[in-house]
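# Residue-level structural notes
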Amino acid sequence: MTVDSTAARKPRRGSSKRAGAKTRAAAPGEPELVQLLTPEGERVEHPDYSIDLTADELRGLYRDMVLTRRFDAEATTLQRQGELGLWASLLGQEAAQIGSGRATRADDYVFPTYREHGVAWCRGVDPTNLLGMFRGVNHGGWDPNENNFHLYTIVIGSQALHATGYAMGVAKDGADSAVIAYFGDGASSQGDVAEAFTFSAVYNAPVVFFCQNNQWAISEPTERQTRVPLYQRAQGYGFPGVRVDGNDVLAVLAVTKAALERARTGQGPMLIEAFTYRMGAHTTSDDPTKYRRDEERERWEAKDPILRLRTYLDREGLADEEFFAALETEADALAKRVRDAVRTMPDPDNMAIFENIYADGHALVDEERAQFAAYQASFAEESN
Amino acid sequence: MTVDSTAARKPRRGSSKRAGAKTRAAAPGEPELVQLLTPEGERVEHPDYSIDLTADELRGLYRDMVLTRRFDAEATTLQRQGELGLWASLLGQEAAQIGSGRATRADDYVFPTYREHGVAWCRGVDPTNLLGMFRGVNHGGWDPNENNFHLYTIVIGSQALHATGYAMGVAKDGADSAVIAYFGDGASSQGDVAEAFTFSAVYNAPVVFFCQNNQWAISEPTERQTRVPLYQRAQGYGFPGVRVDGNDVLAVLAVTKAALERARTGQGPMLIEAFTYRMGAHTTSDDPTKYRRDEERERWEAKDPILRLRTYLDREGLADEEFFAALETEADALAKRVRDAVRTMPDPDNMAIFENIYADGHALVDEERAQFAAYQASFAEESN
Amino acid sequence: MAAEKLSVVKAINASLRTALENDPKVLVMGEDVGKLGGVFRVTEGLQKDFGEDRVIDTPLAESGIVGTAIGLALRGYRPVVEIQFDGFVFPAYDQIVTQLAKMHARALGKIKLPVVIRIPYGGAIGAVEHHSESPEALFAHVAGLKVVSPSNASDAYWMLQQAIQSDDPVIYFEPKRRYHDKSELDRSAIPAPLHAARTVRRGTDLTLVAYGPMVKTCLEAAAAAEEEGKSLEVLDLRSMSPVDFDAIQASVERTGRLVVVHEAPVFLGTGAEIAARITERCFYHLEAPVLRVGGYHAPYPPSRLEDEYLPGLDRVLDAVDRALAY
Amino acid sequence: MAAEKLSVVKAINASLRTALENDPKVLVMGEDVGKLGGVFRVTEGLQKDFGEDRVIDTPLAESGIVGTAIGLALRGYRPVVEIQFDGFVFPAYDQIVTQLAKMHARALGKIKLPVVIRIPYGGAIGAVEHHSESPEALFAHVAGLKVVSPSNASDAYWMLQQAIQSDDPVIYFEPKRRYHDKSELDRSAIPAPLHAARTVRRGTDLTLVAYGPMVKTCLEAAAAAEEEGKSLEVLDLRSMSPVDFDAIQASVERTGRLVVVHEAPVFLGTGAEIAARITERCFYHLEAPVLRVGGYHAPYPPSRLEDEYLPGLDRVLDAVDRALAY
Ligand SMILES: Cc1ncc(C[n+]2csc(CCOP(=O)(O)OP(=O)(O)O)c2C)c(N)n1
Ligand SMILES: Cc1ncc(C[n+]2csc(CCOP(=O)(O)OP(=O)(O)O)c2C)c(N)n1
Ligand SMILES: [Mg+2]
Ligand SMILES: [Mg+2]
């Protein structure tokens, strides 16, 4: 397929090329991949997407990624220890999530899948809040409107439509916020995602579709979902798509910022395919040795999102040992806080079964609640 | 959006340009439209699609279109007279249907919507068979395997997946047949159609998606479904799409033949957007004056598919008065036959409610059938 | 304002108009609801008066319609969605049962989903396949949804007002074969609670429970039975989730017999739940088993058979006779 | 071949293997059914032995899976579809109820739809949302579908054989919490008819009817009740559409009391239909109303509450006591 360089159609903003930075062109036949930091930690420029960050900002992104990875690892451990029923690790996707999450503004709204722990972090959701559903004490349960971060959605693809509807509402309100919908490469096959593309295009809704192509949908490689690069899906619906190096936090940040800005300024939806890799299992229930080879993982480890920013920071002298040491301490503290919080997380009250089913009440729920209470009480009596 | 000339990627077969025939280029900014016969009845050439038909074949296409339109008009009349509950007229879409229908081979399989009366005609389905569901005596009821013409599907878009699955089966069988799925511009928004695109691309299924863009989905113009030309939808799924003049029977025939051939030879799916116009109401229940203006219809009447072939036949002297007179007689006879058949079409037996629900039987159906029979019999007794 | 006489279609239209006027957050969305005013003209004139921004023609994709309505509700809107016909709601079924019904609970009550889904339902209009179904049980079984159906113009108006004002998702089934039946609407009345059943005819020998299109049928049956000296009480259920079991119980405790009537298939239809629960509640009052009259375990038949398939006067009276024979 | 002892998972795997071996038209398709062998390993090893052409990893789209399975069936194949979890069947609901269920009737019997849809269902496995639901009533209400659920390895094997051989669409619900329970499978046995209930324990005082995961719970309840001197009969229903009412009736005519148990919500669950119909059939035999034990009218709760939500031994015995108290 011819590669349609949709990026070229976006408004170009003043690019601030760094002296000496290279511009990488896509290898012939390969789809273009927006990259600002090579796997080797080398800073390159892209004609359409540029970014100029202070050392502070760069260290901030690094910190976000490190803490997110640490939190994620702790959650995996907690699952192994039986404190969580399940965990869906984001290992390897930190750049895709932190880069895009940090591109959002407080008034933007985020619709995640079940794996966006890094985005949640950027939105200010307390990590321990994410663990309730994986522990089995609730189905999410944080207040989505507190951080404009919607609940995790497990049924694949549904949230793309919620995001689109929300964005239609934003446009109706005349607000200049934007909405971002996360989904995976597997999700791209769901009819709901296609319908979200249609609705968002027809209503020119301010929504960014952020597809983390981590190469796998459980055991199925992306070729089971598409035979052309996923970012190309967008153009047939009438809006641009772009593939970004999902392990390059700078590129993800730049591209997502541009897409959100585009949405904000009435230019409608855009699809970002963040090309990345799920370095761990699909979830703690999964066994990737059944379907993929270690070499693949090793190849991707060389592109590790955290390492490459570390190399760049080191090379450019943008952070010192003190910074890294402090960060290590902070990560330990975070891990401990999460561990303690989970271990002391109370089980829900039994009566919670009957709560929050309806906002305005329901006679049958009332009846069943009363029966249940009486039934429970009968045991209390017996044991008296 | 840049127009991706997908047609250029299709295998070119030996083109047999007629001396003096012009080649039309799309006006700048307008999507390319494959055309072999202008609205003025002028024969033009297209670099990718050519066709060479004998006078006999051309007259055959003309006959198909005239008889289909006549049958369709008769059905509309029968609805007005109360003989049918509803009719969905194909008026204006004869070229799209006859051109594509005549492109199919006997061993190909067709999955229609509810409006493909012209395709049914080409497949050899007796027109009167189509009327059962509109009269309310059955829900279709012809044997799909008799003419490889599936039942009409009313719920929008579903059949695109059936066609894809069928095509996957064809490929598994190693047969060189192809499958064609019809749907409308409105249907393009349904998730099922998108999923059909995904499945067909991933499995490289021999299926042609034939979208009749008749500009309207009941009262909604195509802009309510997409903001770019529909044929472009295909490329994001990894297969070519092409827009053809849906009122040009020659172009439709040429393009559909090429697409079916492509499918047959293992090159996978293709999307054809036949750009046409629903000249009548959506169905006999509809009132288009509520939502569209007469001028639009008049503009399209100038592109009438039958008229333009007639002009061409006349100009080139490919048919004589005798032919047209005989065709008129044949059309009258067809109309009469349909009229008589409908009027004498028996109501189904009441017990048919309980038939064909299951192939292997079902205890509850047996019970209800028996109760119903006894209940019916109780009236017979009473009236004795 | 004095009572006026109008059709169910006009009452729903008036109710939508009132809602659009009273609350700028109310939206109407669906296929062909704009210029056309919907295939049944329920939304006639609304887009003209409230604009394309509030009365929204959507792409042809039901999952998309409900999914975006959810998103709009999350943003603070109150979408009233039209599904064109009963048989076309299923592409949206996942969004309805998995998202719309459960999101309030998922958020521990922190978000609300005030979405109304209007569905014209039921048969007897001579239509082709998919245009005559009664799928209400498939929604009533699902916690998180409320399911109602008016049987006359006044309820059509008021119940829709209440549904739109409710912070819960409500599936609002419109009895399409009664769309053009006229009855009194008093816009100044204080409406009955949305989920309360209403006694529409008093009787002593047997209770008939129906909702939507079958209420009229049951009233006709009761009138016919009266001529034979049988006194039937008729309850208009109005709500299939929750069901007003107290009202049914109170009636059955007096009459001792119950027949439930709906167009939907009997097997696992609303009548099954009513029979099971009322039998439990009224075990010593029932002089006959609860009988049910409804559709058969068969796809809705071609229209030339629908009179046989649908419960009519005779089938209702047959069940009444059988119940009275115990 | 002698009887062997194996788990439900292994029995289903063996049954698929047998079907793939015996009939080249049989296909297995779904998400992750290939190399991974499905998330529960039900299809383990099948792709390796039968190839990617017969054991097909599909795109992540349930409507697409069922829709293409229908197309494959039209072409003469017999697809066995896996839906990964109960809560993920709804995107395919439209294709199942509108197309799969009705196409045979639509064609006046001229085409057949031998499609099996396997769905692991039910709770008690400590899973996150959407992984523990029991939606069987939503399929049993729909004419054109058959709905079954095995409770042990032998039925798992044989009922799947029969489902695949059936020319009708069958929804085959797999009791996921019993996946690893082992029992005897005699491959040379002559299986009971697919839709016949089976008496799994004889008793005289009350009949317990259950299916799938609840059969074991009911057997445990019956054993516990025996110690208190109560003799409970337990019926494994096996099929929710059609229901073997004759078998239930025969039992209730002897015991006079009936309790129906399922994980699915009680309101409009399978138990409602059984209660309604058996009350009608056994009005003079029933000494107590038919009682039902099941899920509440609530979304399936977070797993730390599932023990309270699900019917367990105590709740079954509580209902038994209440029924016996009449
Ligand atoms: C509708 C639906 N079908 C199936 C599943 C089971 N499932 C959970 S995650 C997953 C794979 C998702 O892959 P992808 O979209 O690429 O996201 P990733 O897990 O890689 O982040 C599947 C099949 C589901 N959650 N929802
Ligand atoms: C799922 C579904 N939703 C709604 C309808 C009602 N409906 C019937 S035809 C139609 C418009 C179809 O438009 P298009 O796909 O362009 O086909 P056309 O009628 O123009 O041939 C609609 C909305 C339906 N049949 N199925
Ligand atoms: Mg993935
Ligand atoms: Mg159209």
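All values derive from a computational prediction rather than experimental measurement.

Once that is clear, we can look at the site of ligand 2. Around ligand 2, 20 residues are found, and the nearest of them are B:Tyr114, B:Arg115, B:Asp185, B:Gly186 and C:Glu62. Near ligand 2, the surrounding residues are drawn from chains B and C. For ligand 2, a nitrogen atom lies 2.9 Å from a polar atom in the backbone of B:Ile154. B:Ile156 is positioned such that a nitrogen or oxygen atom in its backbone is 3.1 Å from a nitrogen atom of ligand 2. If ligand 2 stood free it would expose 580 Å²; the protein chains cover 95% of that surface. Of the residues in the shell around ligand 2, the class split is 10 nonpolar, 6 polar and 4 charged.

So, about the site of ligand 1. Around ligand 1 sit 20 residues in total, of which A:Tyr114, A:Arg115, A:Asp185, A:Trp216 and D:Glu62 are the nearest. Contact distances for ligand 1 include 2.8 Å between an oxygen atom and a side-chain N or O atom of A:Asn214. In this structure, an oxygen atom belonging to ligand 1 sits 2.8 Å away from a main-chain N or O atom of A:Trp216. Coverage of ligand 1 by the protein amounts to 95% of the 580 Å² it exposes when considered alone.

Moving on, we come to helix α12 (residues 313-324) of chain D. For an α-helix, the turn length of 3.6 residues means that residues three or four places apart are oriented alike. Helix length check: α12(D), at 12 residues, gives a terminal C-alpha distance of 16 Å against a target of 16 Å (1.5 Å per residue), a fit within 8%. Among the residues making up α12(D), those that are buried are D:Arg315, D:Val316, D:Leu317, D:Ala319, D:Val320 and D:Ala323.

Below, the discussion takes up the coordination of the magnesium ion (ligand 4). All names here are of chain B. Taken together, Asp185 (OD), Asn214 (OD1) and Trp216 (O) make up the full set of protein donors to the magnesium ion (ligand 4), lying 2.0 to 2.1 Å away. Read N to C, the donor residues that coordinate the magnesium ion (ligand 4) are spaced as D-x28-N-x1-W. Of the two residues, asparagine 214 and tryptophan 216, both sit in the buried class.

It is worth spelling out the UniProt feature "domain: Dehydrogenase E1 component" (unreviewed entry) in chain A at this point. With numbering matched to this structure, UniProt assigns "domain: Dehydrogenase E1 component" (unreviewed entry) to residues 63-344 of chain A. Helix makes up 47% of residues 63-344 of chain A and strand 11%, with an end-to-end C-alpha separation of 27 Å.

All names here are of chain C. On domain assignment, one finds that chain C holds domain 1 (4-185) and domain 2 (198-325). Computed over C-alpha atoms, the centres of domain 1 and domain 2 are 26 Å apart. Contacts between domain 1 and domain 2 engage 28 residues on the former and 25 residues on the latter. By the criterion of area lost to domain 2, the three top residues of domain 1 are Glu136, Arg177 and Arg178, representing 22% of everything that side buries. At the junction of domain 1 and domain 2, the tally comes to 4 salt bridges. One salt bridge connects arginine 198 with aspartate 155, and the closest N-O pair in it is separated by 2.8 Å. Here domain 1 and domain 2 share 15 residue pairs in polar contact (both at pLDDT 80 or more) between them. Those elements that place two or more of their residues in the side of domain 1 that touches domain 2 are α6 (137-140), β6 (146-148), α7 (153-165) and β7 (170-175). The element contributing the most residues to the side of domain 1 that touches domain 2 is β6, with 3 residues. When grouped by side-chain class, the residues that make up the side of domain 1 that touches domain 2 number 13 nonpolar, 8 polar and 7 charged.

Conventions and cut-offs
- Residues numbered from 1 in each chain as written.
- Chains lettered and ligands numbered in written order.
- Predicted model: local features only at pLDDT ≥ 70, side-chain atom pairs only at ≥ 80, totals over all residues.
- Heavy atoms only, no water.
- Near = heavy atom within 4 Å.
- Polar contact = N/O pair within 3.5 Å; in protein donor to acceptor, adjacent residues only side chain to side chain.
- Areas by Shrake-Rupley, 256 points an atom, 1.4 Å probe, with all protein chains shown as cover.
- Nonpolar A, V, L, I, M, F, W, Y, C, P; charged D, E, K, R; others polar.
- Helix = DSSP H or I, 4+ residues; strand = E, 2+ residues; numbered from the N terminus.
- Expected span 1.5 Å × (residues − 1).
- Buried < 20%, exposed > 50% of the residue type's maximum accessible area, 1.4 Å probe, protein only.
- Donors = N, O, S within 2.8 Å, 3.2 Å for Na, K, Ca; no water.
- UniProt positions renumbered as here; feature names shortened; annotations may be inferred.
- Domains from an automatic or database assignment.
- Contact = heavy atoms within 4.5 Å.
- Buried area = accessible area lost by both parts, 1.4 Å probe.
- Salt bridge = Lys/Arg side-chain N within 4 Å of Asp/Glu carboxyl O.

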